[in-house]
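Report on the structure
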Amino acid sequence: MDGSIHSSAPTVTMAHGGGGRAMRGLIEKILLPAFDNPLLATLEDQARVPLAELAAHGDRLAFTTDSYVVTPIEFPGGDIGKLAVCGTVNDLAVSGARPLFLSCALVLEEGLELEALSKIAHSMARSAREAGVSIVTGDTKVVQRGAADRIFINTAGIGVVPAGVNISATRAQPGDAVIVNGNLGDHGIAILLARNELALSAAVVSDCQPLHGLVAAMLKACPDLHCLRDATRGGVATVLNEFAVSSQVGIRLHESNLPLNEVVRGGCEILGLDPLYLANEGKLVAVVPGTHAQATLAAMRSHPAGRGAAIIGEVCATPPGIVILSTAIGGDRVVDMLVGEQLPRIC
Amino acid sequence: MRYADEFRDPAKAKVLVSEIRRLAAPLAAARGRPLQVMEVCGGHTHTIFRYGLKAMLPAESIEFVHGPGCPVCVLPMGRVDDCLALAEDPKVIFTTFGDAMRVPGSRGSLLQAKARGADVRMVYSPLDALQIARANSQREVVFFALGFETTMPSTALTVLQAKRDGIDNFSLFCNHITIIPTIKAILDSPELTLDGFLGPGHVSMVIGNRPYDFIARHYRRPIVVAGFEPLDVLQSLWMVMRQITEGRCEVENQYKRIVPEDGNEQALAAVAAVFELREFFEWRGLGSIDHSGVRMRREFSQFDAERKFAVPNLKIADPKSCQCGEVLKGVIKPHQCKVFGTACTPERPLGALMVSSEGACAAYHQFGRIDLKPAPQAAHA
């Protein structure tokens, strides 16, 4: 509950977005100390990144952006700040890039407690440090109460792709193996439970984590990694449908090989949800040549972000553009793209 | 996972499938067509597709006919429009189960009404809606009561609780329906060739098994009340095959771990206290069926949204191109409908069978696309 109307704790006001002294104070007191780095500290209108520093890492720039609007802003295993860093880091990482710099644009709802903002800024800073990236430029806007849900964050990121790495959704080939780095759907269920609407309680923690270290380890084991994506909204099913369509191949999954936390499985059973469509924030789906499947799996399992890695299926020639699940009981079904949101069933 | 994995054992499934195959082959050969078994309940349709059971069974001797037991799917457009009219009242917080939000009316769905500014909230139980009413005493909270006998008791108990607690800003838009008259209407349809039924497990948990006696006695069709795990469905199908083979027509209960012979007395008492039969109720695709819906008794008028608000009570004909009725009666398969996958898709459903994951058309579209033969009608449509 947002009880800040009546609380006396200092809160964000429209003045903090006015471009004047209040805004400067917010930046200097909360954001600069948290993000603390020399590129940001100059407080120019843009960060200036030496090209040589980029070129040392590879031969192509990777550039991405994402906005974060999660409710609630804090949940078991993370918060919107950690999400805003890890999400963008991961979007870079799955190209094989080494993530380097992030921007941070904040849209704050009037009335957000400064304490909460400070907590989020520090969470972003901590996650950035862990991921080895710097937050080098940013923007702050304040909107009227009701025009945003406490805080929205946009982060853009740049990274550099090492020479020779060529990961693309179009490269899946018959004979390739499909690998994930651990339990599916933890984030989706953790958020559903954190909203407290289900009157269910269970210890599920979001998997929110940076993946670039894991990707580097995978590339070492398998430099010719074919496809790689992080399975966020829409889950593993959506990513695999994208691979199947882009590469015009079939993909066959094996239900009994899907890594699932028992609590998540239970939650899905109760609510009529399919874990293949649940959101993740620290899970990737890789398609690697069959010849390198075991070596990649071993490399993943020896990395902290890949301990639960599993081969969940394989690429086949037919039917092109379609993902099929071999069910544990011995049947087959199509795993289609999701239409809209997954809605719980009546009975 | 306990209480789930036991009912999904592949070795046991294999044995059941081979037994079903053995029994069904001569029966189908004698008829010169596959045996048609209707799973009445949408939950069974969901199980059949989610676990890929259809692909495990011999298509030449077994055919599932997907019945009318998906409450979301049989809701006529006029009732959805009535929901929209209620939801658009600025006083009203309109509460609903999640999968009812996408059902199309003539002016769009509740999801679209929400996007236009109506206060539509998804709840998981009618008690959640009552809680919202307690927390918003200056607003009117309407719960979209929907479903067969499975969900009726929880709605009834919620109304009784609201009355006890003197909550006066809570009401139901009652669309509860009852399965028996509808099964009867299907059995009376002249086009029908059904050989047996899988009975609805959760409805039977409330009403028991006796209400199905007429199916066995009068219509001479076997019916097995079935659970919702894949082994439940396979075992029930095997029980139907055995009845046909042995020339029996009986009501059997496969779902004994949940379904008591006489149903749930307390649940039935709550339902009887709050609801009474309507003279008739409109079903999408099937038309008006006598005594197939319930309304609230007069003594609960204060909780009846149809009395409390000016509900337009719209009658809107099903879209002409829609063949939901023929699909519901098992006359055609979902993919044989003229608009399946073209004018009617899960993204833009024309008929409600395309909306819910329990709807036969959505299930065919989502889970089954691999093995579909082109529709005979489509060629000259």
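Each remark here, short or long, concerns the structure printed above.
1. Looking at the pairing of strand S5 (residues 134-143) of chain A
Residue and element names in this part refer to chain A.
- Relative to S5, strand S4 (residues 98-109) runs parallel, the two sharing nine bridges. Following the sheet pairing, Ser103 is matched in S5 by Thr137.
- Considered for its hand, the β-α-β crossover made up of S4, helix H5 (residues 114-131) and S5 is right-handed.

2. Some points on the packing of helix H6 (residues 126-135) of chain B against helix H7 (residues 152-164) of chain B
All names here are of chain B.
- Where H6 contacts H7, the axes come no closer than 9 Å and their chain directions differ by 25°. With respect to H7, the element H6 is oriented roughly parallel. For the crossing formed where H6 meets H7, the hand is right-handed. Here Pro126, Leu127 and Leu130 of H6 lie close against H7, whose contacting residues are Ser154, Thr155, Thr158, Gln161 and Ala162.
- Looking at the contact of H6 with H7, its residues break down into four nonpolar, four polar and no charged.

3. Concerning the nonpolar core
- By size, the foremost hydrophobic cluster in this structure holds 228 residues, and its most contacted members are Ile179 of chain A together with Ile20 of chain B.
- Once residues lying within four places of it in the same chain are set aside, the contact partners of Ile179 of chain A are Ala286, Val288, Ala293, Thr296, Leu297, Met300, Ala309, Ile311 and Ile312 of chain A.

4. Considering helix H11 (residues 230-245) of chain B
All names here are of chain B.
- End to end, H11 covers 23 Å across 16 residues, agreeing with the expected 22 Å (1.5 Å per residue, within 8%).
- Counting buried residues in H11 gives 13 out of 16 residues, a clear majority hidden from the surface.
- After H11 finishes, the residue Gly247 shows a positive phi value of roughly 70°.

5. Side note on the pairing of strand S9 (residues 250-254) of chain A
All names here are of chain A.
- For S9 and strand S11 (residues 310-316), the ladder comprises four bridges, and the chain directions are antiparallel. From the neighbouring strand, Arg252 faces S11, where its bridge partner is Glu314.
- Strand direction decides the pairing type here: S9 and strand S12 (residues 323-326), joined by four bridges, are parallel. The partner of Arg252 across the bridge, within S12, is Ile324.

Thresholds, definitions, all that
- Residues numbered from 1 in each chain as written.
- Chains lettered and ligands numbered in written order.
- Predicted model: local features only at pLDDT ≥ 70, side-chain atom pairs only at ≥ 80, totals over all residues.
- Pairing = 2+ DSSP bridges.
- Helix = DSSP H or I, 4+ residues; strand = E, 2+ residues; numbered from the N terminus.
- Right-handed = clockwise from strand over helix to strand, strands pointing away.
- Axes fitted to C-alpha atoms, helices over the stretch in contact; angles between N-to-C directions.
- Parallel < 35°, antiparallel > 145°, perpendicular 65-115°, else oblique.
- Left-handed = near helix turned anticlockwise from the far one by under 90°.
- Contact = placed C-beta atoms within 7 Å.
- Nonpolar A, V, L, I, M, F, W, Y, C, P; charged D, E, K, R; others polar.
- Core = buried A, V, L, I, M, F, W, Y, C linked by C-beta atoms within 7 Å.
- Buried ≥ 20, exposed ≤ 12 C-beta atoms within 10 Å, placed from the backbone.
- Expected span 1.5 Å × (residues − 1).

Any link to function would need more than the numbers given here.
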